[in-house]
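Spelled out from the first residue to the last, the chains are:
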Amino acid sequence: MGFQQPQKDCVSSNNQDGRLRKSTADAVATVQQREWLQPSESVPTKLQSTDRRQSSIVFSTKDQVKGDEINSIMLHKRRRRFIIKKSPILISMNSSILNLPTLKSEDRNNSKWKSLYQIQGERKRIMRETCSKYKSNNRRIITPYHVSRIFVEDKYRVLYCEVPKAGCSNWKRVLMVLNGLASSTKDIQHNTVHYGNYLKRLDGFDHKGIYHRLNTYTKMLFIREPFEKLVSAFRDKFEHPNNYYHPVFGKAIISRYRVNATKEALRTGSGVQFKEFIQYLLDVHRPVGMDIHWDHVNRLCSPCLIDYDFVGKFESMEEDANFFLHLIGAPQNLTFPKFNNEERTTTKITQQYFAQLSPSQRQQSYDFYYMDYLMFNYSKPFEDLY
């Protein structure tokens, strides 16, 4: 791990996020669940062993057993087989409990720590009330898909849900230092963060491991104002050379939404305009699927299913991040890396991009991220929005 200052936020890699998603997150979830319903024969699981034991049950066929009793038994057996075959491997919702460390006795008289702790309580209250009002969680379950974006740090028992463009590159650096993989965040190159595969994801564990960590580890995520996060993703992926987003997303967007596009633009996919990008985002028949960099936090991290202990905000990143590190007892010399403010997408820059859109497009964009605005208590970015 050579020295390199932290620069950009999370990027897609071929071995992690470079693959296209389906047109909707629900379609992906269905595929993921089906894969978990059919485990590989080379890796026996608890579900397989249960299925074998139940399929090997021998039913008595002695003459004294009446025909209707046999039919009842066989019907029960078929029902059990159907349940085992069709149901995803379950992790009950109430298994995800709150594990935020309490303030130490010496911190309880510190006005700064007390204030930050109270802010956390308020953020979680708003999140839970929003979920309760708008999401029907009855009989909902947590599947491996729901935890596929959560990174695991076992030494300090931390679960971190990755939200692109909200400081996730630097959070991965912090997790690597906590895990003893580096002595300083400054020693970790950008490519090492995203292509090194040093960090484990929660869906890589078996169901017992997932269940245990959801119950006992401190679960946290960091979020960002949705419009600002969207503009940051657009600038990063479409205004700089990119050998994935230009040919995959750019070509499809230009082909669908640009009138009289040049052959060069259609060939390279470079030069996507923000208005064209918004047309793609709001199109229910998108020519190419959703991407994690502009997907909803609500879908990326499933906050209505997973009870996150700590909710940090990009806008107060340094204060929130260092408070979290203090809470979990991280080494005192470990602090969150500072951002390169020269490249940062600010509120002013965000407004300049959205000024290119019609009032109707701004409203539709706000509606698209409405749950994120509501759940994380962000104000309406424009006065004419309703």
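First, a word on what this report is: a plain description of the structure on this page.

1. Here's the deal with the nonpolar core
Grouped together as the largest cluster of nonpolar side chains are 62 residues, with contacts concentrated most on Phe277 and Trp294. Core analysis: the second largest hydrophobic core is formed by 32 residues, Leu103, Val158, Ala321 and Phe324 among them.

2. Observations regarding the packing of helix α4 (residues 111-134) against helix α13 (residues 317-327)
At a closest axis distance of 11 Å, the pairing of α4 and α13 adopts a crossing angle of 100 degrees. Here α13 runs roughly perpendicular to α4, going by the angle between their axes. Along the contact surface, α4 presents Lys112, Trp113, Leu116, Tyr117, Gln120 and Arg123, while α13 presents Glu319, Asp320, Phe323, His326 and Leu327. Looking at the contact of α4 with α13 residue by residue, the classes come out as five nonpolar, two polar and four charged.

3. Concerning the state of the cysteines
Across all of its chains, the model carries two disulfides by this definition. Here cysteine 131 is linked by a disulfide to cysteine 304, with a sulfur-sulfur distance of 2.0 Å. Residues cysteine 131 and cysteine 304 are joined through a disulfide that is left-handed, its torsion about the S-S bond being -85 degrees. Here cysteine 131, found in helix α4, pairs with cysteine 304, found in the loop between α12 (297-301) and β5 (310-313); they are 173 residues apart in sequence, far enough to count as distant. When sorted by exposure, cysteine 131 lands in the same class as cysteine 304, which is buried. The residue that forms a disulfide with cysteine 161 is cysteine 301, at a sulfur-sulfur distance of 1.9 Å. Across the S-S bond of cysteine 161 and cysteine 301 the torsion is about -95 degrees, and the bridge reads as left-handed. Note that cysteine 161 is positioned in strand β2 (residues 158-161) and cysteine 301 in helix α12, a separation of 140 residues in sequence. Since its relative accessible area comes to 0%, cysteine 161 is described here as buried.

4. Overview of the sheet that holds β2
If you walk across this open sheet you meet the five strands as β3-β1-β2-β4-β5, and the pairing is mixed. Each edge of the sheet is formed by a strand with only one pairing partner; in this case those strands are β3 (200-201) and β5. Taken together, the four bridges between strand β4 (residues 218-223) and β5 define a ladder with parallel strand orientation. Directly across from isoleucine 223, in β5, lies its bridge partner lysine 313. Taken strand by strand, α13 contacts β2, β4 and β5, and its axis lies near 155 degrees from that of β5.

5. Re unusual backbone geometry
For lysine 165, which is not glycine, the phi dihedral falls at a positive 65 degrees. Using a relative accessible area of 5% as the deciding quantity, one classes lysine 165 as buried.

6. Here's the deal with the packing of helix α8 (residues 226-238) against helix α14 (residues 347-354)
Where α8 meets α14, the closest approach of the two axes is 9 Å, and the angle between their N-to-C directions is 80 degrees. Here α8 lies roughly perpendicular to α14, going by the angle between them. Of α14, the residues touching α8 (which contributes Phe227, Glu228, Leu230, Val231, Phe234 and Arg235) are Thr347, Ile349, Thr350, Tyr353 and Phe354. Residue classes in the contact of α8 with α14 are distributed as seven nonpolar, two polar and two charged.

7. Re the environment of tyrosine 217
For tyrosine 217, the position within the fold is in the loop between α7 (207-216) and β4. Look at tyrosine 217 and you get buried, because its relative accessible area is 4%. Distance in space between the C-alpha atoms of tyrosine 217 and tyrosine 160 is 9.9 Å, their sequence separation being 57 residues. Setting aside anything within four residues of it in sequence, one finds tyrosine 217 in contact with Asn99, Val152, Glu153, Asp154, Arg157, Val158, Leu159, His212 and Asp309.

Conventions adopted
- Residues numbered from 1 in each chain as written.
- Predicted model: local features only at pLDDT ≥ 70, side-chain atom pairs only at ≥ 80, totals over all residues.
- Heavy atoms only, no water.
- Core = buried A, V, L, I, M, F, W, Y, C linked by side-chain atoms within 4.5 Å.
- Buried < 20%, exposed > 50% of the residue type's maximum accessible area, 1.4 Å probe, protein only.
- Axes fitted to C-alpha atoms, helices over the stretch in contact; angles between N-to-C directions.
- Helix = DSSP H or I, 4+ residues; strand = E, 2+ residues; numbered from the N terminus.
- Parallel < 35°, antiparallel > 145°, perpendicular 65-115°, else oblique.
- Contact = heavy atoms within 4.5 Å.
- Nonpolar A, V, L, I, M, F, W, Y, C, P; charged D, E, K, R; others polar.
- Disulfide = S-S within 2.5 Å.
- Pairing = 2+ DSSP bridges.

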